[in-house]
Amino acid sequence: MYQIVTILFITWSLLLSGNTMEAQQSGVSAKEALELFNEGAYQQAIPLYEALLERYDREPNLNYYYGVCLLESKTQNGEAIKRLKFASLKNVNRDVFYYLGRAYQNAYEFQEAIKQYTHFLKVTHPEDARRVTAQRSIEDCQSAIELINKYFKLSILAKDTVSEQEVLSKYQLSGESGTLSPNRTFFKTGVDPDQIMYKTELENEVLFVLEQPDSGRYNINKIVRLLDSWSKNQDLGTPINSEFDERYPFMLVDGTTFYFSSNRPGGMGGMDIYQSYFDTESNTFSPPENMGPPFNSPDDDYLFAADAFENQAWFSTNRGVSPGKAVVVMIRWDNSVIKNLARDTEQIRQLAQLPLLERDSTDLETARPSTPAQQKLKAKEDFRFYINDTLVYSRFEHFHSAEALNAFKKGFDLNAQKDSLELLMEQKRKIYSLSYNKEELKQLIDEILQLEQQVYGLTDQIQNHYITARRLEISKINELKANGTYRSSQKERESSSPKKTLESRQPTSHPVFANDEFHGPREEIQAMYRKFFSDSEINVLEQSDSLYAWANSLKLKAANMLEKGHPAENMESRIPLLDRIKNKDTLSTPEALEVNYALEARATEKKALDIYHEALDQKYRIYYPKLTQLEQLPKNKHFADSLGRIRAFYDEATEGLEKMYTYNQERYERLGSLKREAVSLMERILLNSSLPTSAASTTNQTHFNNSPSSNSDTAQALTITQKSNAEIASPASSGKRIPSQVIASAFEKSETPVFKVQIGVFSSSPRQESLAKIPDISTSPVAGKNLVKYFSGQWKSFQQAQEQVASIREAGFDGAFVVAFLNGHPIPIEKARAIGGEPTKNE
């Protein structure tokens, strides 16, 4: 053996010497190339080995060194495989199997990579440190084989190769989505200054990483803003943190969807991007899910961040670039981002190269192929769009408002996408019903649930575009009528029959007022309807009442389904339902029946909320134009402030629905509460305007006072009850007033300021038990954001309000502080105190 090794060494020395002599004649030295290789200067060594291989292309050692240089420089991976494979056949170095395994792994040829890594483990020295890496790479390849069966369909808008230190400069998050920055911008000591942290849009929570002194790995921590300081750091714990590296935290503005990067087992290699969901009720995270290709690859993929307001997202990767460099990828982040079943490895390999979306330089939308529905629209321009119950448009030229036409076209395009998704979902359901393959059933369940989410999201967006189109068109028609220039572009029907879609949804078993709570105000409501609205409008309003009652019944039905599907004796199981069903071969098991109940209950609850939104939308479309007309009368000039608040509530709800790219029940309910706030205020104004003065002051209920929500927090936000105007106007009124009353009274015209305690700004309702501990609650939407400010109480002096702050903080609202309003507008505290005759700080 010693003689063989000696002969091989002498042979290689002679070849190297000969190559050096001949290469020196062309200025290339094999010795110099080898020195660069041993120093790790692979990029600089590549041109030298290329020059040497021009003369000695079949020399095994040159092929080996050249292949390793290409691999380490992350360039020409296919050429690296070719060179290393040739070298492996010549047995030049046992390390070749390790590098060949890496090259195959980078090429997504995971079975071949496992084969090469396994061979390396057989032939390498037991003390070789790379054995651990090879074994872990085998595990990564095994998990990658599963992950590449599905991929995310991405529209890549831009890519930029930068140094790793410049990555953050390419992320252009809007302020509403929070802030990414290096630790050094916030922390002075105790943390790695170069690691990336995330601060929420309200700047009340920071997610960052801490190095663990015993292992050198990183874990994700958070701190929360207190009254005048920050809390101690809190380790997020399992399942987010593990025995491996977890970095690059990012939380979506919804407060539940969390992204981070980790090199834990179960990935594709290197750092991978994971997604988890935070349950605000249990204060826990769901098991993280690997995002798979093309987000992840065998290289490092990290720092996912999304801007839901701009429908964009970014992530970074070092695939295909030299060490020290990174590629920052900007993608479209909306309902088009869905998972698909992969055809083959070649498809995944192509997607992993992150090809840019082919598009016109002026408009991204032109890159989309026209759908059959769009082609039909262009060819015939024939559709049926109901402006109201008597006016139907069937052609583009029927629109008087360009903005309304644009909104309608957006809804139509989305409807075409929804049709395609529903067709695909139906096909997958048919495949599911015929399949007995366990693995295929698992995949299909994931695909069907994902498609359901996408369809729900599109349905909401379509409805909102159509609502916007109707509102804009009606407003334009009213404007033209006021100017005397309106000429109907479409013959209006004399019939006042309701829309066919409403007829199909009208419950036959429910009268207009289905609950006892509606009996009291029925006469007042009917009187108001008769005073202000036409017969056709009254018909739609009464349908809205019935739809609302129907939504309540459906909500109750959904709750009963869940109770049936989750009997108390089965609740000891802590295994997630979908995890249990994915391990079953058919849908005949008890777990499968539980899934059926859960899915049916979810669909029923979603339908209830859809109907609830539609009922409110119908009322808004009729109430708002009427109030706009009434506001023109001299005696109703005071309507202006109320109309501004109504429009703010409704616009925020509409904008929130447009930006809700996946269905989120809590947000859907909260946005419904904003619509409810707007409709409630309009109905109170109309009721008071329709009755004599004495009667108007004693109107004791609004029309809608029952919510389809079972969530106590949301139900409180949706339930609005009105007391007398005299009681509302009096801050000293005994007994608690509910939110709508405080809202109504907090912004009335007054020459004196009102002091309140702001308890926080929230994207979802605070806990009911905390709100119950503090004085009356009022709210105010934050313009342009899916956020609501919450206030407690109402006092005539700063001192009175300040005395309540301590008890409000003890109730759980640590950031509570006093604010002041004058005629519904916030003003500085010192100015308010001066107006009210209180001493200021300067006095």
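This text goes with the structure placed above it.
Bear in mind the structure is a predicted one, so any value in this text is a computation, not a measurement. Position numbers for residues count from 1 along each chain, tracking the sequence in the order it is written. Per-residue local features of the predicted model are confined to residues with pLDDT of at least 70, and side-chain atom pairs are confined, for both listing and counting, to 80 or more; whole-chain, interface and lining totals are unaffected and use all residues. The basis for the side-chain values is all heavy atoms of the structure; hydrogens and waters are excluded.

A. Region of the structure containing unusual backbone geometry. Of the consecutive residues Thr238 and Pro239, the connecting peptide bond is found in the cis state with omega at 5°. Considering the arrangement of structural elements, one finds Pro239 in the loop between strand S7 (234-235) and strand S8 (246-251). Pro294 follows Pro293 through a cis peptide bond whose omega is -5°. Secondary structure elements follow DSSP: runs of H or I no shorter than four residues count as helices, runs of E no shorter than two count as strands, and numbering proceeds from the N terminus. Among the structural elements, Pro294 can be located in the loop between strand S12 (289-290) and strand S13 (301-307). A positive phi angle is found at Glu203, which is not glycine, with a value near 60°. Locating Glu203 in the fold gives a position in the loop between strand S4 (196-199) and strand S5 (205-211). Although it is not a glycine, Leu354 adopts a positive phi angle of roughly 55°. Along the polypeptide, Leu354 turns up in the loop between helix H9 (345-352) and helix H10 (372-380).

B. Region of the structure containing the pattern of salt bridges. In what follows, salt bridge is the name for a side-chain nitrogen of Lys or Arg lying within 4 Å of a carboxyl oxygen of Asp or Glu. What the rule picks out here adds up to 20 salt bridges. The partner of Asp299 in a salt bridge is Lys74, and the shortest N-O contact between them spans 3.5 Å. Residue Asp299 is found in the loop between S12 and S13, and its partner Lys74 is found in the loop between helix H4 (60-72) and helix H5 (77-89); the two are separated by 225 residues along the sequence. Judged by relative accessible area, which is 16%, Asp299 ranks as buried. Exposure categories follow from relative accessible area, calculated using a 1.4 Å probe and restricted to protein chains: below 20% of the type maximum is buried, above 50% is exposed, and the middle band is partly exposed. Judged by relative accessible area, Lys74 falls into the partly exposed class, the value being 25%. Ionic pairing is found between Lys606 and Asp610, a salt bridge with its closest N-O pair at 2.7 Å.

C. Broad picture of the packing of aromatic side chains. Only Phe, Tyr and Trp rings take part, Trp by its six-membered ring, and two of them pair if their centres are within 6.5 Å. Stacked means planes under 30 degrees apart, edge-to-face means over 60, and tilted covers everything else. Taken as a whole and judged by the stated rule, the model has 35 aromatic pairs. On the numbers, 5.3 Å between centres and 45° between planes, the contact of Tyr98 with Phe120 is tilted. Taken together, the residues Tyr98 in helix H6 (residues 96-106) and Phe120 in helix H7 (residues 110-123) connect sequence positions 22 residues apart. Relative accessible area serves as the criterion here: at 0%, Phe120 is assigned to the buried category. Aromatic side chains Phe295 and Trp333 sit 6.5 Å apart centroid to centroid with 75° between the ring planes, which places their arrangement in the edge-to-face category. Within this pair, whereas Phe295 is found in the loop between S12 and S13, its partner Trp333 is found in the loop between strand S15 (325-332) and strand S16 (339-341), the two being separated by 38 residues in sequence. Given a relative accessible area of 0%, Phe295 falls into the buried group.

D. Molecular detail of the sheet that holds S7. In this analysis, strands are considered paired if DSSP registers two or more bridges between them. Read across the sheet, 5 strands follow the order S3-S4-S5-S6-S7 without closing on themselves; strand pairing throughout is antiparallel. Each having just a single partner strand, strand S3 (179-182) and S7 make up the two edges of the open sheet. In this structure, strand S6 (residues 218-224) lies alongside S7, joined through 2 bridges in antiparallel fashion. Across the sheet, residue Lys222 finds its bridge partner in S7, namely Gln234.

E. View of the side chain of Ser137. By the element assignment, Ser137 lies in helix H8 (residues 130-147). The contact criterion used is simple: two residues touch if any of their non-hydrogen atoms lie within 4.5 Å. Ser137 has contacts with Gln105 and Tyr117, leaving out every residue within four places of it along the chain.

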